[in-house]
Amino acid sequence: MSIREQISKIIFKNKPDKTTPVSAGNLNQLQYNIENALKVKLDYCNTMITNANNVTDAGIYQVSSTATNLPFDPEATQHDGNICWLIVFLVDNMDPIIQIAIDSKTLELWIRKSQPYEVGWEEWKLLNYENEKIITGEEVKTNLVVDGKTVFCKRINGGNLPNTNAISLNTEISGEITAYKIEGMAFNPETNNQLPIPFVRPSSAISVYYAKEENVIYVRTESDRTSYTYYIDFYYTYDD
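Please read all numbers here as calculations on a predicted model, not as lab measurements.

A. Region of the structure containing the nonpolar core. Counting residues in hydrophobic clusters, the biggest one holds 21 residues, and the most contacted among them are I217, V219, Y230, I232 and F234. Broken down by secondary-structure element, the contributors of at least two residues to this core are β8 (149-160), β10 (177-187), β11 (194-197), β12 (206-211), β13 (216-221) and β14 (229-238). Not counting chain neighbours up to four residues away, the residues in contact with F234 comprise F152, C153, K154, T171, I173, I177, A179, K181, I182, Y210 and I217. Among the nonpolar cores identified, the runner-up in size contains 18 residues, and V63, L70, W121 and W124 belong to it.

Encoded structure:
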């Protein structure tokens, strides 16, 4: 049923006709029609959602405190008297579906889109974030969210690479974390060679991995790389 069919339409007539006067009743009916049209069009404040993955119809939705598959914790937000919103955009029979999640406590806005043929969702991305300023030795917050958890990055200066063995880097990160990705660069000041880490040439590879139980990063070389200095950009999420 269309919006036009759901409201009581008033047709005003010119004087001297007296069947549609500007009365309190008619003005109230006009206000009701306007509010009802907006409410139907936008689902404004009416629908409470509990799982963002299941919301595929266009509209504005209020988020339940126990809702899942969001980039933030709605219960923590609503505990302080704030409201979370989910806005959905789409064109009928066309991919993708766009979702915007709003945390009114932090005023953070997140966006994601459906995968082709609605087989799933891409990761949430933070819209209104400050540019990442990576500073060696400091933890920075990225705009990436994986399975509802914010990804952080820390750049670690490793000094010189080893000679055909492995060395360990202490992350100095407190708390339980899970690695998201590890990448870095190595530099030779004598030759100006610059190598990505990991480097996959079999005879002279540079490999890297994270040992969760030890909370350290291991870097290994298959040839003498002691003339190279390097850094590691370590991306991770907190487990709790």
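B. Geometry of the packing of aromatic side chains. Under the counting rule described, the total for this entry stands at 7 aromatic pairs. Ring centres of F152 and Y236 lie 6.3 Å apart, and the angle between their planes is 20 degrees; this geometry places the pair in the stacked category. Highlighted residues: F152 in strand β8 and Y236 in strand β14, separated in sequence by 84 residues. With respect to burial, F152 and Y236 carry one shared label: buried. Aromatic side chains Y210 and F234 sit 5.0 Å apart centroid to centroid with 40 degrees between the ring planes, which places their arrangement in the tilted category. Here Y210, found in strand β12, pairs with F234, found in strand β14; they are 24 residues apart in sequence, far enough to count as distant. In terms of burial, Y210 and F234 fall into one category: buried. Grouped by ring-pair contacts, the aromatic residues F152, Y210, F234, Y236 and Y238 constitute a single cluster. Above the plane of the ring of W121 lies R112, whose end atom (NZ or CZ) is 4.4 Å from the centre.

C. Geometry of a negative patch on the surface. A cluster of acidic residues, E176, E213, E214 and D240, forms a negative patch on the protein surface. With a relative accessible area of 79%, E213 lands in the exposed category.

D. Focus on the pairing of strand β5 (residues 108-113). With burial as the criterion, only one face of β5 is covered, namely that bearing E108, W110 and R112; the residues L109, I111 and K113 on the opposite face remain uncovered. In this sheet, β5 lies alongside strand β4 (residues 94-103) in antiparallel orientation, the contact comprising 6 bridges. Bridge pairing in β5 places Q99 opposite R112. What sits between the antiparallel neighbours β4 and β5 is a turn of 4 residues, in which L107 has the positive phi angle 60 degrees.

E. Quick peek at the pattern of salt bridges. Taken as a whole and assessed by the stated rule, the structure comprises 5 salt bridges. A salt bridge links D233 to R155, with the nearest nitrogen and oxygen atoms 2.7 Å apart. Taken together, the residues span a long stretch of sequence, with D233 in strand β14 and R155 in strand β8 at a distance of 78 residues. Given the relative accessible area of 6%, D233 is considered buried. The salt bridge partner of K181 is E183, with a shortest N-O separation of 4.0 Å. In this structure K181 comes out as partly exposed when scored by relative accessible area, which is 37%.

About the cut-offs
- Residues numbered from 1 in each chain as written.
- Predicted model: local features only at pLDDT ≥ 70, side-chain atom pairs only at ≥ 80, totals over all residues.
- Heavy atoms only, no water.
- Core = buried A, V, L, I, M, F, W, Y, C linked by side-chain atoms within 4.5 Å.
- Buried < 20%, exposed > 50% of the residue type's maximum accessible area, 1.4 Å probe, protein only.
- Helix = DSSP H or I, 4+ residues; strand = E, 2+ residues; numbered from the N terminus.
- Contact = heavy atoms within 4.5 Å.
- Phe/Tyr/Trp six-rings, centres within 6.5 Å; stacked < 30°, edge-to-face > 60°.
- Lys NZ or Arg CZ within 6 Å of the ring centre and 35° of its normal.
- Patch = residues over 30% accessible without salt bridge, like charges linked within 9 Å, V, L, I, M, F, W, Y side chains within 5 Å.
- Areas by Shrake-Rupley, 256 points an atom, 1.4 Å probe, with all protein chains shown as cover.
- Salt bridge = Lys/Arg side-chain N within 4 Å of Asp/Glu carboxyl O.
- Lys, Arg positive; Asp, Glu negative; His and termini not counted.
- Charge placed at Lys NZ, Arg CZ, Asp CG, Glu CD.
- Pairing = 2+ DSSP bridges.

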